[in-house]
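Observations on the three-dimensional arrangement
So the chains spell out like this:
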2 protein chains.
Amino acid sequence: MGDPKVRRFLKLLSDRGFVQESLVTINGMEKKLFRFGPQGTLLRKNIIKEWWDAVVSHQVNTFCLESSPLMIKTNPQNTSSSTESSVRLVSLDSSSNPVDCALRASLSKECLEAYLSSLQMTSGQLPLSLASTGQCFNLKTEDKSSDNNSKLLNNGLCETHLLSQHYLPPVNVAQAVEFWTRKRLSWWKKFSTNPSKICSSTSSVTNGNKTSISRTIIGYSFPWGIEPLETIDNHGNSPLLDLESKSGPSPQVRHDKAVFHAHLLECQTSVESCMAAFLTDSYREKTVKATSSEKKQDIKKVLQLHPLLCPYHVALSVTGSKKKEVFILSQHVAKELREGNLSVLHLPRNSDSMESQYRRNDELGVPYTVVLSDQTLESGVIIIRSRDTSLKQQHHIKDLQSILLTNLHPTELVK
Amino acid sequence: MGDPKVRRFLKLLSDRGFVQESLVTINGMEKKLFRFGPQGTLLRKNIIKEWWDAVVSHQVNTFCLESSPLMIKTNPQNTSSSTESSVRLVSLDSSSNPVDCALRASLSKECLEAYLSSLQMTSGQLPLSLASTGQCFNLKTEDKSSDNNSKLLNNGLCETHLLSQHYLPPVNVAQAVEFWTRKRLSWWKKFSTNPSKICSSTSSVTNGNKTSISRTIIGYSFPWGIEPLETIDNHGNSPLLDLESKSGPSPQVRHDKAVFHAHLLECQTSVESCMAAFLTDSYREKTVKATSSEKKQDIKKVLQLHPLLCPYHVALSVTGSKKKEVFILSQHVAKELREGNLSVLHLPRNSDSMESQYRRNDELGVPYTVVLSDQTLESGVIIIRSRDTSLKQQHHIKDLQSILLTNLHPTELVK
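- Looking at an unreviewed UniProt entry, chain A carries the name Anticodon-binding domain-containing protein, with the source organism given as Pomacea canaliculata.

Laid out in C-alpha cells, this is it:
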C-alpha cells in the first residue's frame, strides 16, 4: 500500500466521486464506513443490474426476497446465531426502554426461512433458487488481521451483499457446483480487462455448526495480494436438516419418486468486492513526457471500465467561438442520447481546455467524449474521442447514436 | 379496514408473495416490519427503476449518492438533529463497550452535506440536483395516531426513501416548484388506473428550526381515506444559510453576476408509499355466479398493475396430452422471451387446471398468459390470454414476442 501507484489510484477514487473511506472504532475494532459519490453510486447500480440479470432474470425457478436489515428480537435469549449481530438499542433522545435488536450480518438466514413458502410456487418441485440483495452489518470483533484497513473497500461496517441460494436434489449437486462455479467465474472475467487475475480455489471448511462444507473461493490478484471476491459454498443437506429440527413442517421434497432433504448451494459476494476488483482492474497509468524543464513528470490516469459498468457511456463537450449556440445544440444531443438509454455526462459550460476535459473523462472511466464545435453548427461534423485509444475520429452528428451503441456493445445495448 | 374487500386484498398481498407485515414494539410504540416476497421484490425494483429514470437519468446536472444507514457518532453530545435517531448499540454477544450510533431517519442530511463537493462537478453553477435512495429507520415516538397500523405499508420501522434535492438560483424557484409538482403528479398518474384518485394540496408548515417552508403534498384516496404519498418542500435558502453558519467554506454561488445562497427544493417519497398506492389502485374484484348451489359466491381478484411495474410481463402454461414435450418447448420460449428483456413466470409442470392458473396469474398481476398445447407442437398455434379483458386469442408462436412487446408498451419496451 506504500506503492505510489496505489496511492494515486485511491486519490483518484476519492477525487472523482467514486468512494470515500473513513475509519470508525466499534467494539474496540476499526471498521470502515463508505460514502459513494455520483460515479460510485452509478457503478454500484450497474454492478447490481448485471448480477441480477445473470443470477435472477435469466434463470429458471428463481425467486427474490427483501426484508429489513434491523430486526427486533422477540426471544432475546437466543443470541447464538452467527448470521446476525445481537445488539441492544438504547435511544439517546428520550427516556424510553432499551430494545433488543439484531442487525443482520448476512442474507442467508432470511432466504433459508423463505424456502418452504417458495416451494409452494414450484408445486414442491426442485430445483429452486432464491436471491436477495441488501445491506448487512459487520459488528463482530473476531477478525484480527491488522492490515485489513489498508485494502480497498474491505472491512466495511455496512456492506451490500449479493446472495443466491440454490436448492437441489442430491443427484444434481455436483453438476450444479460445476455450473455455478463456471458461470460466476465467467461473470467476473467478462468485466475484467485482465481475466487472468481472476482465480479460484476449492477447499473444505468447518462452519459454526461443526459441519463440513465444500467452499470454492473466487479471488482477484490485487497489487497487495490475492483477496477473496465470492464464495460458493456447498452446504449439503445440513441446513435443511437443521430447519426440520427447529420448525414444524418437514422440508422434505419428492423428486423422481424419491423423498429427501434438498441440498443447498450458496453463492455470496458483495457490491463492495465487485467495486474493488473492477476499479483496481481497470486502472491504467501512462507517463507523459514533461513539456517544460520546470514541470515534473506527468502521469495520465485512466479507468478502463467495461461499457456495461462505466458510470457514463459518453461525455459531451463544447468548444469554439460560438460556445453559447453550440451548448444549446449539445443539450438536444444529450436529451436524444438519454432517450436511447445511454448514460450521458453533460456538464455546464466552463473554461477548461479540451485536454483537461479528456483527462477528467478518462479518470471518470467515460469510454467516449463527443466534441461539438462551430463546425458542428455549420456542417454537422463532430469529433468522437476514445478513452482507450486516445484517438479522435470525425463523424456526422446524425450517425452519433448508432456509432456509440455499436461501439459500446454490439449485442447488449442495441436491443 | 373492517371492509371485507380490504381484508381480501390484504390476504392476496400476503398469499401471493407481495408483502407480509408484522407488528413490533419499539420504545413503547408499535411499528411495522415488512417482508417482501418474490412479487413484492420485483415490484419494488420496477418502482425504483421508474423513479430513477424520471428523476435522475433523464435530468440535467443530476448526481446521485449512497452511504451507510448506520453512522457512528464522533460527537455524542450533538443529539438534536431531527433527521436521525441517536441510539446506543450495546452488543449482547460480548462484553465490549457500548457504541453511540445514529440510524438515519431521512436522506436529506447526507445529500445536503454533499452539496459543496457536487458543485465542483458543475464548476460552481446552478441548477444542480442530488438524488439518493436508501433505507431509513423510524424509531421516533412522536407519532400518536392509533389507527396507523391498520393502513397498508404505513408506519414501517425501516422504509426505503426516494429523495431528490434541487438547488436553484432564487429567480428560478417558482418555475421549478411548478415544474416538479407537475412532473411528479404526472409520474404518479401514469402508473395509476384511477388518475383522479391522485390529488395534491399546498400549505405552509414550520419545521424543526422554526423556519417556514412551503409544502406540496401528493396524496392518494385510499378506501380508508386520503394518505400522503410524496412531499415537495420549498425550503428557501435557510438550509444553505444553516450550512454556512456550521461549516467553513461559504456555499454561495454566482449566477448571472449575482452572488447568493441557493434555494432548496426537495421531493421525497418512499418505495413503500408507491407500493401501497399502486397495489391498492390496481385491485379489482369480480363476482362470479356460483356454479352449484352448495358452493358459496365466488370472487375473482385481479391486480391490474401497469406493464412497467408488474412483477412478470408474461406467464407460460402448458396443457394437453403431451405435457412433457410441450414443457420442453415452453422452456425454449421462456429463454427467448427473457433474452428479449421480458420478465417471464415459468413454473414447473403441475396438475392445476388452466382456469386456476389464470386466476393465480390475475392475482399476481401478470398481463398476459401464454398457453402452449399439443396444437403448438403440430402447427405452432398458441393462445394469449389477457389479464384485463379475460379474452383469449390464437396466434402463431413466431409472432409471440412482437405481440407481447407491442401490447405491453408500444414505445418504452421495444427500444
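Additional details are given in the paragraphs that follow.
Some thoughts on the overall build of chain A
- Counting its regular elements, chain A contains 11 helices and 21 strands.
- The burial tally for chain A puts 53% of its 415 residues in the buried class.
- Across chain A, contacts joining residues at least 24 apart in sequence account for 64% of those joining residues at least 6 apart.
- Of the accessible surface of chain A, which amounts to about 18,300 Å², a share of 50% is contributed by carbon and sulfur atoms.

Thoughts on the pairing of strand β2 (residues 29-36) of chain B
- Counting buried residues in β2 of chain B gives 6 out of 8 residues, a clear majority hidden from the surface.
- Where strand β3 (residues 62-67) of chain A and β2 of chain B come together, 2 bridges link them in antiparallel fashion. Residue pairing across strands places serine 67 of chain A opposite arginine 35 of chain B, the latter belonging to β2 of chain B.
- As judged from the 8 bridges shared by strand β1 (residues 19-26) of chain B and β2 of chain B, these two strands associate in the antiparallel manner. Looking across to β2 of chain B, one finds that glutamine 20 of chain B is bridged to arginine 35 of chain B.

A short note on the interface of chain A and chain B
- Taken together, the contact pairs 70 residues of chain A with 70 residues of chain B.
- A combined buried area of about 6,300 Å² lies between chain A and chain B, and 59% of that area is made up of carbon and sulfur atoms.
- Among the ionic pairs, glutamate 113 of chain A bridges to arginine 35 of chain B, the shortest N-O distance being 3.5 Å.
- Counting the contacts that link chain A with chain B gives 14 residue pairs in polar contact (both at pLDDT 80 or more).
- Tallied by class, the residues present in the side of chain A that touches chain B amount to 31 nonpolar, 24 polar and 15 charged.

With respect to the sheet that holds strand β11 (residues 225-236) of chain B
- On the basis of which strands lie adjacent, the open sheet formed by 9 strands has the order β1(A)-β2(A)-β3(B)-β7(B)-β8(B)-β14(B)-β11(B)-β10(B)-β9(B) and mixed pairing. Looking at the sheet topology across the chains shown, the edges are occupied by β1 (19-26) of chain A together with β9 (198-206) of chain B. For this sheet, the mean inter-axis angle between neighbouring strands, taken without regard to orientation, is 25°.
- Taken together, the 4 bridges between strand β3 (residues 62-67) of chain B and strand β7 (residues 128-137) of chain B define a ladder with parallel strand orientation. Within β7 of chain B, the position partnered with phenylalanine 63 of chain B by the bridge is leucine 130 of chain B.

Thresholds applied
Residues numbered from 1 in each chain as written. Chains lettered and ligands numbered in written order. Predicted model: local features only at pLDDT ≥ 70, side-chain atom pairs only at ≥ 80, totals over all residues. Heavy atoms only, no water. Helix = DSSP H or I, 4+ residues; strand = E, 2+ residues; numbered from the N terminus. Buried < 20%, exposed > 50% of the residue type's maximum accessible area, 1.4 Å probe, protein only. Contact = heavy atoms within 4.5 Å. Areas by Shrake-Rupley, 256 points an atom, 1.4 Å probe, with all protein chains shown as cover. Pairing = 2+ DSSP bridges. Buried area = accessible area lost by both parts, 1.4 Å probe. Salt bridge = Lys/Arg side-chain N within 4 Å of Asp/Glu carboxyl O. Polar contact = N/O pair within 3.5 Å; in protein donor to acceptor, adjacent residues only side chain to side chain. Nonpolar A, V, L, I, M, F, W, Y, C, P; charged D, E, K, R; others polar. Axes fitted to C-alpha atoms, helices over the stretch in contact; angles between N-to-C directions.

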